[in-house]
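# Inside the fold
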Amino acid sequence: MQLPLLFSAKKAHGSSTFAALRCPNGSVFSITFSQARDRGRTSLPTIREAFLQMCNLPVRVVCRANAEYMSPSGKVPFIHVGNQVVSELGPIVQFVKAKGHSLSDGLDEVQKAEMKAYMELVNNMLLTAELYLQWCDDVTVEEITHPRYGSPYPWPLNRILSYQKQWEIRRKMKAIGWAGKSLEQVLEDVDQCCQALSQRLGTQPYFFNKQPTELDALVFGHLFTILTTQLITDELSEKVKNYGNLTAFCRRIEQQYFEGHDKDSSATASARCAKRSLLR
Amino acid sequence: PSAADRNAQACFLNCCLTLACANQIIFCNLLQAYAKFAGAPLIVNTINNSWSSPKADVPVLISEDIVISQPAKILNFLRKQRYNADYELSAKQGADTLAYIALLEEKLLPALLHTFWVEAENYCSVTKPWFASRIPFPLSLYLPGKMSREALNRILLTRGGPPLYSLTEVEAQIYRDAKECLNLLSKRLGTSQFFFGNTPTTLDAFVFGFLAPVYKVCFPRVQLQEHLKELTNLCRFCDDILTCYFKLTVTGKFYFSSTFSHV
């Protein structure tokens, strides 16, 4: 059930007013991002939006500078519904399910196991590779990540916070054994992951039957971000572009779930300032 | 189980437990299993030459004069030598393999690391004595502790963080995830003998590598083992592989040696 967006979010000098949207049953969905659209991990906002769009739930996107602190788990983005705040894809999916919307009800047990396995594969490979590229590749860190991450803050806070984040991410990479990997190895892992996704998708419109599931939202979020985020080199997006069915999949979801809503709302346009459409 | 089975199991366990850490235990299991599935002749050696061995992670595969040290590379090497257990899999099944391996690493591995290296009773009564008895004296005082700290570090860095604020909460979460993972594996396996039909493949080797230590090692604190024992098809899966593939020792031209990683 689709509802028109009733209010628009206004931006005033770095803070944005928060507009509420109400559905007939009283539940309100709004997603909050950090001010610089892709400060931390770039793909998560798209995943959440995609998932909520697929559930046909009305969504409002808002940018806030202190979003990381508003979130219960410290991770952006998160959703704010009524008086509840839920972050991270897993809990959001369960929350939405508890409200009566679910994308994976039609799957049998074996298919659900497969879906969860593929979601872990994407988290394991694509997410870690994105983090690696953002925080462990020196050129990218210096030219893109530090400026982007520290942009809402004045000097010297911007440098301090981004170095702190970098140190945190590098520690994690070292613990899981990715610190010793070279860029080529990381790109090879991404390629392997995309190959697996491409083989699983085959010629179907979605990963499971003809209906999208959480896995589709997750894959779309990651691939869309990889394809549209401008980095120093295009190697990462080239790896994804090698697989025609994956780019077609992204385009299809973008057309179906995002193009229509962009016309309705001006507010989401402000949140999409850093993104380009795949269709251009 | 017959005496022969028990012997085989004991040898196999002996092998596993002499390796450097839970991570390597898993990979050594699975590499042995994979090699057996693919028919690659290999010898398992537990060479204790830690002072002179190269700075390599275990396990290490030595074939004539080539030394390969990472599990993924070892698997690739065996495949290129035409010992390929996945020959008959379709592309989609190959993709499924990768996905399930990621599931094992993300959901089951933290709990395994915890059971072996962080859970105090287990660590003090089983892991540390076994490990320390296999390495020379000065290292045996330091290395187990280091492995334990690294395991805890890894668990906290990857799974800790808000909204889980204490170690007990993290532990509860990782065991929940591990049990869910075991349930998913059980559903996927169903009643078939192996994950993709009647012949074992890489995925079977990986699952065996992860499950066998949980299934067979006798720890004082065994919540994961108890959960596993309720999933009878997974137990049957492990038993089948143990009886079919680990009864006899094999000799051949590949030497599979385990060295201990340097401090």
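Keep in mind that what you see is a predicted model, and the values were worked out from it rather than measured. (Residues numbered from 1 in each chain as written. Chains lettered and ligands numbered in written order. Predicted model: local features only at pLDDT ≥ 70, side-chain atom pairs only at ≥ 80, totals over all residues. Heavy atoms only, no water.)

## Regarding the overall build of chain B
Within chain B, the secondary structure is distributed over ten helices and four strands. Excluding contacts between residues fewer than 6 apart, the proportion of contacts in chain B whose partners are at least 24 apart in sequence is 78%. For chain B, the accessible area works out to roughly 11500 Å², and carbon and sulfur atoms hold 55% of it. (Helix = DSSP H or I, 4+ residues; strand = E, 2+ residues; numbered from the N terminus. Contact = heavy atoms within 4.5 Å. Areas by Shrake-Rupley, 256 points an atom, 1.4 Å probe, with all protein chains shown as cover.)

## Quick look at helix 5 (residues 120-132) of chain B
Residues and elements named next belong to chain B. In a regular helix each residue adds 1.5 Å, so 13 residues correspond to 18 Å; helix 5 covers only 16 Å between its end C-alpha atoms and thus falls short of that length. Those residues of helix 5 lying buried are N122, Y123, V126, T127 and F131. Contacts made by the buried residues of helix 5 are with helix 4 (91-118) and helix 6 (137-159). (Expected span 1.5 Å × (residues − 1). Buried < 20%, exposed > 50% of the residue type's maximum accessible area, 1.4 Å probe, protein only.)

## A closer look at the interface of chain B and chain A
Reports often express the size of an interface as the amount of accessible area lost when the parts come together. With 24 residues of chain B in contact, the opposing surface of chain A contributes 21 residues. Of the roughly 2200 Å² buried where chain B meets chain A, counting both sides, 63% is carbon and sulfur surface. Interface area lost by chain B to chain A is led by L98, L157 and K187 of chain B, which between them contribute 23%. One salt bridge connects K116 of chain A with E180 of chain B, and the closest N-O pair in it is separated by 3.6 Å. Where chain B packs against chain A, one counts six residue pairs in polar contact (both at pLDDT 80 or more). For the side of chain B that touches chain A, the secondary-structure elements that each account for two or more residues are helix 4, helix 6 and helix 7 (167-189) of chain B. In terms of residue class, the side of chain B that touches chain A is made up of twelve nonpolar, two polar and ten charged. (Buried area = accessible area lost by both parts, 1.4 Å probe. Salt bridge = Lys/Arg side-chain N within 4 Å of Asp/Glu carboxyl O. Polar contact = N/O pair within 3.5 Å; in protein donor to acceptor, adjacent residues only side chain to side chain. Nonpolar A, V, L, I, M, F, W, Y, C, P; charged D, E, K, R; others polar.)

## Some remarks on the confidence of the model for chain B
All names here are of chain B. With 57% of its residues at a pLDDT of 70 or more, chain B has an overall mean of 70. When pLDDT is averaged over each helix and strand of chain B, the minimum, 29, is found for strand 4 (residues 254-258) and the maximum, 91, for helix 7. Residue range residues 46-57 is modelled with pLDDT below 50. Its contacts to residues more than four positions away, or to other chains, number 30 contacts. Contacts of residues 248-263 to residues separated by more than four positions or lying in other chains number 73 contacts, the stretch itself having pLDDT below 50. The complex prediction reports pTM at 0.73, with the ipTM value standing at 0.71. (pLDDT = per-residue confidence, 0-100.)

## Thoughts on a nonpolar patch on the surface
Together, F137, L141 and Y142 of chain B make up an exposed nonpolar region whose accessible area comes to about 370 Å². Classification of Y142 of chain B by relative accessible area gives partly exposed; the value is 38%. (Patch = residues over 30% accessible without salt bridge, like charges linked within 9 Å, V, L, I, M, F, W, Y side chains within 5 Å.)

## Remarks on the pattern of salt bridges
Residue and element names in this part refer to chain B. Taken as a whole, this structure holds 15 salt bridges over all chains when the rule is applied. Here K107 makes a salt bridge to D177, at a shortest N to O gap of 3.9 Å. Taken together, the residues K107 in helix 4 and D177 in helix 7 connect sequence positions 70 residues apart. Exposure remark for K107: the relative accessible area of 17% places this residue in the buried category.

## Quick word on the UniProt feature "domain: Metaxin glutathione S-transferase" (unreviewed entry) in chain B
When the UniProt feature table is mapped to this numbering, "domain: Metaxin glutathione S-transferase" (unreviewed entry) covers residues 178-241 of chain B. Each end of residues 178-241 of chain B is marked by a C-alpha atom, and these two atoms are 22 Å apart; helix forms 70% of the span and strand 0%. (UniProt positions renumbered as here; feature names shortened; annotations may be inferred.)

## Remarks on the UniProt feature "domain: Metaxin glutathione S-transferase" (unreviewed entry) in chain A
What UniProt calls "domain: Metaxin glutathione S-transferase" (unreviewed entry) maps, in this numbering, to residues 191-253 of chain A. Structurally, residues 191-253 of chain A comprises 68% helix and 0% strand, and the distance from its first C-alpha atom to its last is 22 Å.

## Thoughts on the pairing of strand 6 (residues 84-87) of chain A
Sheet topology note: the strand 5 (residues 78-81) of chain A/strand 6 of chain A ladder contains four bridges and is antiparallel. Along strand 6 of chain A, the bridge assignment pairs V81 of chain A with Q84 of chain A. (Pairing = 2+ DSSP bridges.)

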